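Here are the chains, one letter per residue:
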There are 2 protein chains.
Amino acid sequence: MPESDPRAVTKLPFWVDVAQRAEAAGFDGLFLGDVLTLQAGADKHLSDAMDPIVIMSALAAVTSRIGLIATASTSFDHPFHLARRFACLDHISGGRAGWNIVTSSNALEARNFGLDAMPDHAERYARAADAVDACLALWDSWDADAKIADQQSGQYLDPAKIRRVDHQGPYVRTAGPLNVPRPPKGRPVLAQAGSSEAGRAFAAARADIVFTVQSGLAEAQAFYRDMKARAVQAGRNPSELCIMPGIVPIAAATKDEAEARLAELNSFAVLDHLIAKGSEFLATDLSKLDLDAPLPRGLIDQAGNQASQSRVAVLVGIAEREKLTVRQLLARLASGRGHLLAVGTGAEIADVMEEWLDAGAADGFNVMCPVLPGDIQRFADYVMPVLRERGLTPS
Amino acid sequence: MPESDPRAVTKLPFWVDVAQRAEAAGFDGLFLGDVLTLQAGADKHLSDAMDPIVIMSALAAVTSRIGLIATASTSFDHPFHLARRFACLDHISGGRAGWNIVTSSNALEARNFGLDAMPDHAERYARAADAVDACLALWDSWDADAKIADQQSGQYLDPAKIRRVDHQGPYVRTAGPLNVPRPPKGRPVLAQAGSSEAGRAFAAARADIVFTVQSGLAEAQAFYRDMKARAVQAGRNPSELCIMPGIVPIAAATKDEAEARLAELNSFAVLDHLIAKGSEFLATDLSKLDLDAPLPRGLIDQAGNQASQSRVAVLVGIAEREKLTVRQLLARLASGRGHLLAVGTGAEIADVMEEWLDAGAADGFNVMCPVLPGDIQRFADYVMPVLRERGLTPS
Ligand SMILES: Cc1cc2nc3c(=O)[nH]c(=O)nc-3n(C[C@H](O)[C@H](O)[C@H](O)COP(=O)(O)O)c2cc1C
Ligand SMILES: Cc1cc2nc3c(=O)[nH]c(=O)nc-3n(C[C@H](O)[C@H](O)[C@H](O)COP(=O)(O)O)c2cc1C
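Quick caveat: nothing in here was measured; it's all calculated off a predicted structure.

K.L.:
Requested: an account of the relation of the copies chain B and chain A, with residues and values cited.
P.N.:
Of the transformation superimposing chain B on chain A, the axial component is 0.0 Å and the angular component is 180°, with the fit at an RMSD of 0.0 Å. With respect to symmetry, the two chain copies, as superposed, fit the operation of a two-fold axis. Across chain B, the rotation axis passes nearest the C-alpha of Ala58(B), at a separation of 1.9 Å.

Structure, rendered in structure tokens:
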């Protein structure tokens with residue numbers, strides 16, 4: 001977009017601007033995704049990705065209230081490192097750290113870490129569960145008052161309040177204890193976006209926040225009900241599990257202006273890149289299809305191990321519900337990758353959010369701004385005041 | 001010490017204060033060591049250790065000139081992660097990142113990462129060489145002008161300027177390329193502190209900075225000559241390898257005040273902890289010895305795989321040169337762990353530094369302040385003006 005700096009991603013002032021605008025606007029948290037490779041079609045789109053823990057650590061120093069949710073994969077990092085890094089981020093931010101737990105599914109990621117391919121889906125989740133359990137044990141290896149730091153006696157720690165963990169899981173071993181004190185909040189907030197059977201079970205048992213791609217209200221309600229029921233089955237209070245669908249806001253002073261902005265955004269989409277991205281998401285080669293015909297049937301069953309089955313289901317759902325051609329579906333992918341798209345005035349976008357909150361489809365939203373930092377500011381200017389007026393923002 | 005906050009280590013304002021004072025004083029860099037476990041006697045001394053990459057990333061946001069040298073071990077982290085994190089730190093700091101490469105030697109560290117013991121010394125260095133070579137290839141996988149970011153054409157990267165690395169070493173495989181652009185300086189500054197035969201060979205071939213424990217001028221000169229000769233043998237310009245012994249400055253307005261401060265510092269040393277630390281460094285159980293007798297002979301030969309042979313040699317050297325009892329050696333260990341101890345006025349400390357610089361024993365110093373941030377300020381107030389007057393600080 002003309003307004004955006006195409007070289008911003010490696011520059012700290014860009015990230016500081018994003019974080020400070022989001023904090024000033026009243027967002028609860030900032031979420032930074034991650035992928036451990038250049039992806040297909042990297043030369044055609046913003047494809048370099050800064051390490052989230054580096055960015056979030058820097059942002060901890062220049063923000064004071066906003067949550068800092070960094071993505072990290074359990075597939076290539078030892079839980080001792082993961083637990084320690086997130087504990088440190090929680091310390092330096094005064095309890096604002098969050099971890100978006102992912103398992104990585106891209107074969108290019110595997111190859112960067114010396115594997116020929118990713119382990120299969122079930123094994124990735126089994127390792128993730130093992131790794132997170134090890135992290136939980138490590139975070140719990142210090143009592144909150146284990147540090148005495150008594151200058152008179154010279155006693156620094158109370159050994160009775162620090163424990164080895166001796167975690168011996170199927171994938172992970174660690175002796176512990178951690179070498180940093182218990183994090184301010186006890187542990188970072190845990191976010192997860194699994195949508196498969198294994199992913200849902202994992203999130204229902206362990207996550208505080210579930211990110212999810214939903215674009216139809218009925219499907220979102222069904223997902224919401226399913227996740228809350230799983231939380232109850234896992235012995236948890238369902239209100240502890242916060243369901244946060246993504247929403248892509250295109251906010252402007254009038255509906256027409258918002259529609260024009262959406263059209264402008266879509267005009268910058270690169271068809272080749274969309275075909276590559278869509279092919280990856282749907283695990284099917286879209287370049288071989290007639291772009292002006294409807295999406296062929298049977299794509300859900302074809303999606304194999306490496307694809308996200310839920311992403312396939314969402315895209316196929318949108319195409320069928322809205323009777324889209326392949327080309328039209330690709331445009332939808334451009335503007336939000338299948339997430340709920342809300343185009344309009346602040347009140348119109350707030351209406352959609354309120355409807356989903358009231359209908360039991362969401363506890364909150366992952367607001368996915370297409371252009372940074374501009375769309376954070378637009379959300380702050382147009383949507384936040386309405387949400388605040390309606391009592392829909394946290395106090 | 002009464003002046004220090006014994007709870008400072010987990011608090012960001014403490015680190016910001018340290019970094020900003022060091023930057024204002026004119027230090028070239030800030031160096032943060034690391035160990036991946038609580039160590040023996042953890043309850044008696046400041047033993048929790050924040051992840052250096054988290055701290056240095058935060059400090060990148062609140063400093064503008066000082067180098068940020070973070071320690072990371074090659075034994076437990078994949079080079080793709082290491083290369084990426086240090087590249088990101090280099091980006092957000094505008095080219096100020098440094099990596100102190102360590103191999104980890106403590107069995108407790110091994111157990112936190114699921115091993116029963118550390119691999120032996122030779123294997124650790126073989127892995128370190130493989131890992132650093134993989135990192136060098138990854139940093140080199142993008143040309144400096146690979147990012148086009150052309151808003152008109154939509155072209156983001158020039159694929160001809162980004163290469164796979166396909167590193168296949170004895171320990172490490174990675175396909176690459178890295179998913180972040182070439183770091184501003186091409187790569188982070190590489191620091192290393194190996195003193196064994198393998199460690200020296202490693203540093204001479206790859207490091208920009210060598211940290212070293214030296215307390216006698218003659219030994220320091222011999223080390224300096226040896227390292228420069230190795231650099232030449234490795235085909236490098238010896239001035240590219242910067243030898244930086246540690247120096248522990250106890251600076252005050254008068255010599256007497258400085259001596260009194262050293263005595264005060266030593267009075268806070270905890271004997272039990274010193275015995276544990278000394279036993280670890282010397283790989284011998286000091287609690288079984290007569291503390292008021294001289295150090296027994298033969299300790300160098302006893303030191304096995306897990307101990308640092310050079311550290312043993314330094315401590316034994318101090319004890320023999322200064323004819324110290326075990327108890328007196330432990331006091332020396334308390335005030336600087338065997339590094340060069342310089343007690344006096346700014347001019348007296350500058351004299352020692354100048355002597356070492358002139359005598360071909362050092363290219364610079366790793367200034368190891370006993371109390372933070374107080375001794376940075378004392379060094380800034382007493383020593384820096386003298387060094388500056390003598391033209392011994394970088395312009
Ligand atoms: C909002 C959202 C953000 C996600 N962020 C990441 C990410 O940053 N990195 C990643 O590897 N996967 C990410 N994913 C993928 C999920 O972790 C997960 O793999 C995907 O939703 C498919 O679910 P499944 O793994 O249970 O099949 C994200 C998914 C969603 C919905
Ligand atoms: C000034 C200095 C700082 C060091 N910092 C660390 C550190 O932070 N973490 C670590 O594991 N080892 C550290 N070491 C140990 C060295 O990396 C190295 O293992 C040691 O000097 C022994 O050399 P060798 O490994 O060649 O036997 C340090 C050594 C020195 C002299």
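K.L.:
Break down the site of ligand 1 for me, citing the residues and quoting the values.
P.N.:
All names here are of chain A. Near ligand 1 lie 18 residues; those nearest to it are Asp-34, His-121, Tyr-125, Ala-193 and Ser-196. Within the side chain of His-121, one N or O atom sits 2.9 Å away from an oxygen atom of ligand 1. A distance of 2.9 Å is found between an oxygen atom of ligand 1 and a backbone nitrogen or oxygen belonging to Ser-195. Computed on the free molecule, ligand 1 has an accessible area of 610 Å², of which 84% lies beneath the protein chains in the complex. Those elements that provide at least two residues to the shell around ligand 1 are β3 (97-102) and α5 (121-139). Looking at the shell around ligand 1 residue by residue, the class counts come to six nonpolar, 11 polar and one charged.

K.L.:
So what about the site of ligand 2? Which residues, and what values?
P.N.:
Residues and elements named next belong to chain B. Taken together, 18 residues lie around ligand 2, and Asp-34, His-121, Tyr-125, Ala-193 and Ser-196 are the ones closest in. At a separation of 2.9 Å, an oxygen atom of ligand 2 approaches a polar side-chain atom of His-121. Ser-195 is positioned with one of its backbone polar atoms (N or O) 2.9 Å from an oxygen atom of ligand 2. Compared with its free state, where it exposes 600 Å², ligand 2 has 84% of that area covered by protein. Listing elements by their share of the shell around ligand 2, those giving two or more residues are β3 (97-102) and α5 (121-139).

K.L.:
If you had to explain the confidence of the model for chain A to someone new, which residues and values would you point to?
P.N.:
For chain A, per-residue confidence averages 93 on the pLDDT scale, and 97% of positions sit at 70 or higher. For this predicted complex, the interface confidence reaches an ipTM of 0.94, while the overall pTM sits at 0.95.

K.L.:
Outline the state of the cysteines, listing residues and values.
P.N.:
Residue and element names in this part refer to chain B. Per the stated rule, a full pass over the model turns up zero disulfides over all chains. The cysteine Cys-135 is free of any disulfide, with Cys-88 supplying the nearest cysteine sulfur at 13 Å. Taking relative accessible area as the criterion, Cys-135 reaches 0% and is therefore assigned buried. With no disulfide of its own, Cys-242 lies closest to Cys-369 among cysteine sulfurs, the gap being 18 Å. Look at Cys-242 and you get partly exposed, because its relative accessible area is 23%.

Rules and cut-offs
- Residues numbered from 1 in each chain as written.
- Chains lettered and ligands numbered in written order.
- Predicted model: local features only at pLDDT ≥ 70, side-chain atom pairs only at ≥ 80, totals over all residues.
- Heavy atoms only, no water.
- Least-squares fit on C-alpha atoms with pLDDT ≥ 70 in both.
- Near = heavy atom within 4 Å.
- Polar contact = N/O pair within 3.5 Å; in protein donor to acceptor, adjacent residues only side chain to side chain.
- Areas by Shrake-Rupley, 256 points an atom, 1.4 Å probe, with all protein chains shown as cover.
- Helix = DSSP H or I, 4+ residues; strand = E, 2+ residues; numbered from the N terminus.
- Nonpolar A, V, L, I, M, F, W, Y, C, P; charged D, E, K, R; others polar.
- pLDDT = per-residue confidence, 0-100.
- Disulfide = S-S within 2.5 Å.
- Buried < 20%, exposed > 50% of the residue type's maximum accessible area, 1.4 Å probe, protein only.

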